[in-house]
Number of protein chains: 4
Amino acid sequence: MLSRSLYSQASKALLSQRPRVARSGVLGRISARCLSTFDKHHDVFETLGIQKTNNKGVFDGEWSGSGPIVPSINPVNNQVIAEVVTMPIPKRGHVLLAMRDALVKNLQPLGKLVALEMGKILPEGVGEVQEYIDILEYALGLSRMMQGAIIPSERPGHIMLETWNPLGTVGVISAFNFPVAVYGWNSALALVTGNGVLWKPSPTTPLCALAITRILEQTLRQHNLPPALCSLVTGGTDVGVSLTADKRTHVLSFTGSTQVGREVGKVVQGRFGKSILELGGNNAIVVMDDCDIDLAARAILFAAVGTAGQRCTTTRRLIVHESVYDSLIERLIKAYGQVKVGDPLDDGVLCGPLHTEAAVSTYKQVLDSVIKQGGEVLCGGQVLTEGEFEHGNFVVPTLTKVRPDMDIIKNEAFVPILHTMTFKTLDEAIAINNGVAQGLSSSIFTTNPANMFKWIGPKGSDCGIINVNIPTNGAEIGGAFGGEKETGGGRESGSDSWKQYCRRGTW
Amino acid sequence: MLSRSLYSQASKALLSQRPRVARSGVLGRISARCLSTFDKHHDVFETLGIQKTNNKGVFDGEWSGSGPIVPSINPVNNQVIAEVVTMPIPKRGHVLLAMRDALVKNLQPLGKLVALEMGKILPEGVGEVQEYIDILEYALGLSRMMQGAIIPSERPGHIMLETWNPLGTVGVISAFNFPVAVYGWNSALALVTGNGVLWKPSPTTPLCALAITRILEQTLRQHNLPPALCSLVTGGTDVGVSLTADKRTHVLSFTGSTQVGREVGKVVQGRFGKSILELGGNNAIVVMDDCDIDLAARAILFAAVGTAGQRCTTTRRLIVHESVYDSLIERLIKAYGQVKVGDPLDDGVLCGPLHTEAAVSTYKQVLDSVIKQGGEVLCGGQVLTEGEFEHGNFVVPTLTKVRPDMDIIKNEAFVPILHTMTFKTLDEAIAINNGVAQGLSSSIFTTNPANMFKWIGPKGSDCGIINVNIPTNGAEIGGAFGGEKETGGGRESGSDSWKQYCRRGTW
Amino acid sequence: MLSRSLYSQASKALLSQRPRVARSGVLGRISARCLSTFDKHHDVFETLGIQKTNNKGVFDGEWSGSGPIVPSINPVNNQVIAEVVTMPIPKRGHVLLAMRDALVKNLQPLGKLVALEMGKILPEGVGEVQEYIDILEYALGLSRMMQGAIIPSERPGHIMLETWNPLGTVGVISAFNFPVAVYGWNSALALVTGNGVLWKPSPTTPLCALAITRILEQTLRQHNLPPALCSLVTGGTDVGVSLTADKRTHVLSFTGSTQVGREVGKVVQGRFGKSILELGGNNAIVVMDDCDIDLAARAILFAAVGTAGQRCTTTRRLIVHESVYDSLIERLIKAYGQVKVGDPLDDGVLCGPLHTEAAVSTYKQVLDSVIKQGGEVLCGGQVLTEGEFEHGNFVVPTLTKVRPDMDIIKNEAFVPILHTMTFKTLDEAIAINNGVAQGLSSSIFTTNPANMFKWIGPKGSDCGIINVNIPTNGAEIGGAFGGEKETGGGRESGSDSWKQYCRRGTW
Amino acid sequence: MLSRSLYSQASKALLSQRPRVARSGVLGRISARCLSTFDKHHDVFETLGIQKTNNKGVFDGEWSGSGPIVPSINPVNNQVIAEVVTMPIPKRGHVLLAMRDALVKNLQPLGKLVALEMGKILPEGVGEVQEYIDILEYALGLSRMMQGAIIPSERPGHIMLETWNPLGTVGVISAFNFPVAVYGWNSALALVTGNGVLWKPSPTTPLCALAITRILEQTLRQHNLPPALCSLVTGGTDVGVSLTADKRTHVLSFTGSTQVGREVGKVVQGRFGKSILELGGNNAIVVMDDCDIDLAARAILFAAVGTAGQRCTTTRRLIVHESVYDSLIERLIKAYGQVKVGDPLDDGVLCGPLHTEAAVSTYKQVLDSVIKQGGEVLCGGQVLTEGEFEHGNFVVPTLTKVRPDMDIIKNEAFVPILHTMTFKTLDEAIAINNGVAQGLSSSIFTTNPANMFKWIGPKGSDCGIINVNIPTNGAEIGGAFGGEKETGGGRESGSDSWKQYCRRGTW
């Protein structure tokens, strides 16, 4: 029934698996990383209201996390959502503006928390929170520009209208690598279009979710809106499965692996829900012989090494015209040699740790496979385990040389390894770019407009993001973000992405 | 591989099942209906180039239908499609204009063929071909207005672009009830956006598909375009399954039952293809006490009885304010009594036969259930079997009286039965309207603007089509056609539906 | 020459007329009104940085106002503007956001200053500043959504683009009745589209202009932008004439009388500049017999009496169906009797003074003419001169009864007089509504959708604003504000109004 | 009064000046050119229904041209227009489609008539009629896509709408150089938006206007629409003046000189009408050193010599990088030497006669001035008067060499003279391009994307058309056509040009 709360369903799932969560130490594990630095960074936690023990992982108006669910707790139900729904859209915009102001006020501590919990360097942590701020500003504007249409009718004295109404509840399952921004993008559009949001963050980044949700809660209360509009459930796969299967999650925005996303997509499709899938990327940069090599080299370095290779838009394949390959690789090897790996909060560090130990294994396996399949490691390739690196998941950013037909480059590995290869003609380069199952981001470096226009045209890159002279990463709020093929086809942020959170009515 | 033809795959499927098709007599069964009237209507068949024996059911540049597939036959391959793709879009528009002219020239015989093969009355048959003509005109305009966007960028000296490129191949699986228009809507948009089309019509309406495909073939040849751009495969479920599962069907537009559409959607989603689903409707008209009763009665009659209740937008539920129920029903019973059932080509006939014998059974079962569940039959209820009706599937259009909570009205039955019920408040009426799984079309009759705006607003009808003072049927080219919930969420025809046939690129 | 500054031209005009300005005591006259209350409201002036003697009425980066213009002063020249122009558009948005924050901080004192200087009541003064804040938020969103287009080309391998680039300098000549909002609307859009702005406020409201400009100056400096981007010249007609005639005022936005606007429009057209004209309104409300009379009465009262009848959207004509005329007038006369006239800063006052003594004369002349032409005064009609009213321009809000063919109702008088008349049919009411030269705002009160759709259709109201069940005033940021016919045809604020501040390029 | 006909006013003007027209022999003069070839091309005239004596130059439902106006003649009045206005917009589209079909049927004879009467070569004549056909197809699509907007409102339970309704009557004053297309562009959009059209063609091309109007008349009659919807008045300046001044010409689309357009603009602005001005161009091509010289040379030749230099988009200035100047000029001189001048109907002729003897004088004066101001003639420069050229206005296409600061290149001369000059930097080239008062079309030839993006950006070309690697001419239907500065600012054809023929209503 649409009129009942997601809560009871989600809570049943939580109750059944919370012991497991406790056992697997979801919040505890985080503590393992974070609590060690709790005293050092107690200002961050204090500012954001996070305690040493955060055992309340469910928020739907009131914080809870254990014991039986009290029915009087305000659930994410339709009545509540209706209050937002029927709020004039520009007024929703003003609530989002207040959320923005609250985030601006907490920008630095939030950025630091992202760095602590996820492991990315501080400027990237702050930058991620800024993306949330940006989309809230965007949604504020949208609150006056979210237009429907009046369409000419063939019937005398009649007009047709096209309207966009909220769907109800938007579920957001986000990944560890952007523990704030992905939720930010989805929640801003979900709220401005009149929906409520239920967030299941990555099990490894619950503190970011707690901190953000506390801020939203406060803002909602200040505007006499039910804080359950921005609900939170932490937990593992079981929670995700429940959320995915539940008919009352009218839209499910899922960010994660293609493997999981494929199942998520089928389940949501099978119940005729709407899904926004942001799955694996296997992003390539094509370097033409006519490009500005220095510009390209700088862009590639940042795109391949940033966030320790754990961005969905990280450049993983470098497709270089044979005539400039040596010259470019020389530059890159030199630049890679200067990348400082270390504590993400330290000045000058460009590459922090991998998020999990498992990723270190992946790193090693990929390099083994490269060798086995006939490729070579051009630089990097080491796991760092000594001294300051002893307790972390640190690896050295790596360049390999491969052939386009090698299997190892067909898959996305969330580590700082960039596979390089050569081509002779643009057609060949495009075929290589398009020759993988994923279709998120791609980029060409060239000064030839004919190349540019071929690249963005019907016979060019088949990705959702088709950059020119900028790297594969660096999405902007104004454009639609997302990818084709096994990347899932969803679009977030700008352009007409907001329509995905609405039902369209023609009359 | 994207670079290979759909042909070999489709043909393998065909080869493996064609014997079955032959056995089940797909083309033969049609003959059973049509060939009996071949001599009477030989002008239609002659004009459209349809022979008594149409054993060639596969068209992909050359007609074939038996024996081994000759590899030299021009397939639906990427090279071919690329020629269209790289054709300037306004020039594509001119090819569509030529198709339109060819259809206009054959409007009457095509309309008659629809009437003969599907069973709808002649004006409806002609009207359906007209919808194809309309969308071709629309696509002609679109060929100059299919805009991408230039979006402000936050990077100095940079702009963002949003482009729309063709996806490749669009598969269209259409249903018996609109044997021409559904394909027309899809193929016009698929072609103008630069795709090739592969059509699998209903196994029971192959002659319409043959006639249309012949006309398109001729036009494409005249423009030196590969006729395989508009390919056709006839056959049964196996062909549909192959087409659905094939990665090279980049977009699959499926019109049919929710049951099949659910599986189709999951398969296409599982391979990260794009689907356009137009599934079951269970369309209701809400009649307010303040409405123009005569206007409403006329609209209801046509919406419930037209095409013998076999339109996806047929009105199946009538939700009437208790204060005007008796008065409206009286009018309707009188009007139903005057509906002439008979040969769809005869003048004055409003209601032709059902398309299959199975539908006659459904008709009877539904009425049995109504009685069993405590409802009553207000008028109609008979299967006609005597005299001129002896060999056909004729039934009398029927009104029932039911309660909103009865199970029988939750499902769509493709027969001319209209379930009537009462309500007290608009909120209640909306709850009844929304209280089924399907969400295609809905309509309210009222003269009160407050009712209208509630109906189209966030707390109103949850259907894709939300009419006011016009019935549930009668889509127009300019608006987006399709429904929410178990109707599948796809949109065809106007507004921004064309974007579904494209991949979006942001740069 | 485009490459030279507006400054020297404007300054020449200023030099030549500044003595006259001094003589006519522009700033001094204001003091006459404001300085008397300077001590009482010294907090307002202090907060906003306005001194007792404000003799510096020219701001183009540095404040000045007398003596020779020092050439080193930073002018409004193209280099300066180019810096904004080449700033990424979303970054411009952030400057506007900072302006918004500064206004929010000063909302109350600014609103009070508007009340003091213009004479409107405090909530209206605050509301006007809020409109400026609203448009800045809107422009922030626009900074990411101000889209150009990619258009299909008929040439092989070619695309067409449509781009929107800044024009250079936007002149704003604003009127006394909205001393803040009109400039706000124009400057926000002018700045976000990349232009500089030169403001000439009404000679009778310079302090509002000074206060606003100081705030903008500070924000621009904080962002290392030339404060001359928001330049100010105070003065009289000579300054306006110079600004209008100067080729370097690429866009001239003029708000004022039709009489002056006609000349302004011709001068700007004659030099092929672009003008945005917001001229006289003569706004009518049509009251149908089927409407909610109480709702209508409340709306009419506020629309006719608010701002003492000095809004451009003030309701001046009331066209009432003969069957409800008596009933409505009775309600209105009662309501008018309860309107408190007085000091605009006093609680409970709904109607402040007229802005000038001349307006009091107009008030008397209009009432004389009504009588002379055969009409009658239903209530009000007095000029208040005793007691607290002794030194002000206070009049009593007035209702008259007239015939639609009387000359007196063809012209706009900026006073709180509402002319009432009757009609028999909607066609007649529309003819009366359209039967004046002005075409700003209009409104109908009805519960009949047929009336509504006729009203907004091709045979309905010919005004730019065509309201239904809300009064003639109360524009919203999201829509385009402005009028047809002698109202001038300009559009400000929402929809695509921003395009007027750009040059369009097709390639 | 809006409710009265344009007819009586226009007819009064006609009556008063028709004798003068007769005396000055408007129709007779044409005969001077055309009648001499009447026998040779009698098929053209016969097909189009044009007689030797065409003394009926006024069409407003019935053809007339002398004697008193019979009041029973159906005028262009509001009742008539209302019939179109209230016709569903897609149905208007179908009338336009029928007009298109009629033009297609007459394409060749119409093209020939344009060649005969205007003097352009046959392919250009046919091409011009094709542009009319193109816009009718575009308007057909527009009839289903001419959208208004639904805009979020800040008031609870309220929405804002933006609607586009017809204005009434659109006057079109067209020039001799495009005797068919300019009217076509305007009339198609005027009609689809629901207006009537009144056409005053150039006094020197009335036969084209007669032929077109006859075809439209027939189509309108076939659709039971008043043929007066497409009215025609031939005549001279007096008719133009009347049409311009008349309040009932709600929109005046004027194509002609800047000198006349300036006055037209002021008159229309003075009465608060809407004008669409397409005035003088002074179009330049910038040739960068990195461009494809052969491509550029071919484009320049066609753009400067086509239509004998009498297109509004003819290239008149060639701004060449000094390093490629000699090489380009060498190619051009060679190409100019091969241009065949002669009878526009002869095969192989690229350059027909000038339209008037006065243009021959202009040609000579421009060349004199070039020499006097220090420039030189590089090739061409002769008036042809012997043999076949004896009775015509034939001149040889000419290249000059000038300096950018010479006065002679600031003005547009409608003759085939191309002024060439050199530059060193792109900034300098842009300054030269922008350094004239006109702003219609401009083009750059370059292979450097940095140059391209500078060219189309805020510091680039200030023209309305900003081409890249295609010449200054060759507008396409999908884009907006028109220019900035003294070109008048109007936009015709694609994008949102249709909105100019509408009044916007916000509610």
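Residues numbered from 1 in each chain as written. Chains lettered and ligands numbered in written order. Predicted model: local features only at pLDDT ≥ 70, side-chain atom pairs only at ≥ 80, totals over all residues.

Some thoughts on the interface of chain B and chain A
Point 1. Contacts between chain B and chain A engage 49 residues on the former and 49 residues on the latter.
Point 2. Taken together, the elements giving at least two residues each to the side of chain B that touches chain A come down to α4 (78-85), β3 (148-152), β4 (159-166), α11 (258-270), β19 (465-468), β21 (484-485) and β23 (502-506) of chain B.
Point 3. Sort the elements by how many residues they give to the side of chain B that touches chain A and β4 of chain B lands first, with 6 residues.
Point 4. A per-class count over the side of chain B that touches chain A returns 16 nonpolar, 19 polar and 14 charged. (Contact = placed C-beta atoms within 7 Å. Helix = DSSP H or I, 4+ residues; strand = E, 2+ residues; numbered from the N terminus. Nonpolar A, V, L, I, M, F, W, Y, C, P; charged D, E, K, R; others polar.)

Some thoughts on the UniProt feature "active site" (unreviewed entry) in chain A
Residues and elements named next belong to chain A.
Point 1. UniProt's entry tags Glu278 with the feature "active site" (unreviewed entry), counted in the numbering of this structure.
Point 2. Turning to its location among the elements, Glu278 is positioned in strand β9 (residues 274-278).
Point 3. On the basis of neighbour count, Glu278 is assigned to the buried category, with 28 C-beta atoms found within 10 Å. (UniProt positions renumbered as here; feature names shortened; annotations may be inferred. Buried ≥ 20, exposed ≤ 12 C-beta atoms within 10 Å, placed from the backbone.)

Some thoughts on helix α6 (residues 107-118) of chain A
Residue and element names in this part refer to chain A.
Point 1. Along its 12 residues, α6 runs 16 Å from first to last C-alpha, staying within 8% of the 16 Å computed at 1.5 Å per residue.
Point 2. Listing the buried residues of α6 in full gives Pro109, Leu110, Gly111, Lys112, Leu113, Val114, Ala115, Leu116, Glu117 and Met118.
Point 3. Once α6 finishes, Gly119 follows within two positions and takes phi at roughly 105 degrees, a positive value. (Expected span 1.5 Å × (residues − 1).)

Examining the domain arrangement of chain A
Residue and element names in this part refer to chain A.
Point 1. When its domains are assigned, chain A resolves into domain 1 (6-279 + 491-506) and domain 2 (283-476).
Point 2. Contacts between the two partners involve 13 residues from domain 1 and, on the opposite side, 14 residues from domain 2.
Point 3. Among the elements of the structure, α6 and α7 (122-145) are those that each provide at least two residues to the side of domain 1 that touches domain 2.
Point 4. Residues of the side of domain 1 that touches domain 2, tallied by class, amount to 5 nonpolar, 5 polar and 3 charged. (Domains from an automatic or database assignment.)

Thoughts on the relation of the copies chain B and chain A
Point 1. When chain B is fitted onto chain A, the two copies agree to an RMSD of 0.0 Å after a turn of 180 degrees and an axial shift of 0.0 Å. Such a turn and shift between the copies fits a two-fold axis. Proximity to the rotation axis, assessed at the C-alpha, singles out Lys266 of chain B in chain B; its C-alpha lies 2.5 Å from the axis.
Point 2. Most of the interface of chain B is mirrored in chain A, where 100% of its interface residues are also at the interface. (Least-squares fit on C-alpha atoms with pLDDT ≥ 70 in both.)

Let's talk about the environment of Thr356 of chain C
Point 1. Position of Thr356 of chain C among the secondary structure elements: in the loop between α13 (325-337) and α14 (357-372).
Point 2. On a C-alpha basis, the gap between Thr356 of chain C and Asn393 of chain C in space is 6.5 Å, while along the polypeptide they are 37 residues apart.

Some thoughts on the packing of helix α6 (residues 107-118) of chain C against helix α7 (residues 122-145) of chain C
Residues and elements named next belong to chain C.
Point 1. At their nearest, the axes of α6 and α7 sit 7 Å apart, and the two run at 120 degrees to each other. Taken together, the axis directions place α6 and α7 in an arrangement best described as oblique. Handedness of the crossing formed by α6 with α7: right-handed. Contacts between α6 and α7 involve Leu107, Gln108, Leu110, Gly111, Lys112, Val114 and Ala115 from the former and Leu122, Gly125, Val126, Glu128 and Val129 from the latter. (Axes fitted to C-alpha atoms, helices over the stretch in contact; angles between N-to-C directions. Parallel < 35°, antiparallel > 145°, perpendicular 65-115°, else oblique. Left-handed = near helix turned anticlockwise from the far one by under 90°.)

Things to note about the pairing of strand β8 (residues 251-255) of chain B
Residues and elements named next belong to chain B.
Point 1. Across the 5 residues of β8, 5 count as buried, placing the element largely inside the fold.
Point 2. Every second residue of β8 is oriented toward a common face, with Val251, Ser253 and Thr255 on one face and Leu252 and Phe254 on the other, all of them buried.
Point 3. Inspection of the sheet shows strand β5 (residues 169-173) paired to β8 by 4 bridges, in the parallel sense. If you follow Val170 over to β8, its bridge partner there is Val251.
Point 4. Of the pairings in the sheet, the one linking β8 to strand β9 (residues 274-278) comprises 5 bridges and is parallel in character. By the bridge assignment for β9, Thr255 is matched with Glu278.
Point 5. Considered for its hand, the β-α-β crossover made up of β8, α11 and β9 is right-handed. (Pairing = 2+ DSSP bridges. Right-handed = clockwise from strand over helix to strand, strands pointing away.)

So, the relation of the copies chain D and chain A
Point 1. For these two chains of identical sequence, chain D goes onto chain A by a turn of 180 degrees and a shift of 0.0 Å along the axis, with RMSD 0.0 Å.
Point 2. The residues that chain D uses at the interface reappear at the interface of chain A in 100% of cases, marking a shared surface.

So, the interface of chain D and chain A
Point 1. Listed per partner, the contact involves 23 residues of chain D and 23 residues of chain A.
Point 2. At the level of secondary structure, the elements contributing two or more residues to the side of chain D that touches chain A comprise α5 (89-105), α7 (122-145), β3 (148-152), β4 (159-166) and α16 (449-456) of chain D.
Point 3. By residue number, the principal contributor to the side of chain D that touches chain A is β3 of chain D, which donates 5 residues.
Point 4. Within the side of chain D that touches chain A, the residues separate by chemical class into 12 nonpolar, 7 polar and 4 charged.
Point 5. Bridge count between strand β3 (residues 148-152) of chain A and β3 of chain D: 3 bridges; the pairing is antiparallel. Bridge assignment links Ala149 of chain A to a residue of β3 of chain D, and that residue is Ala149 of chain D.

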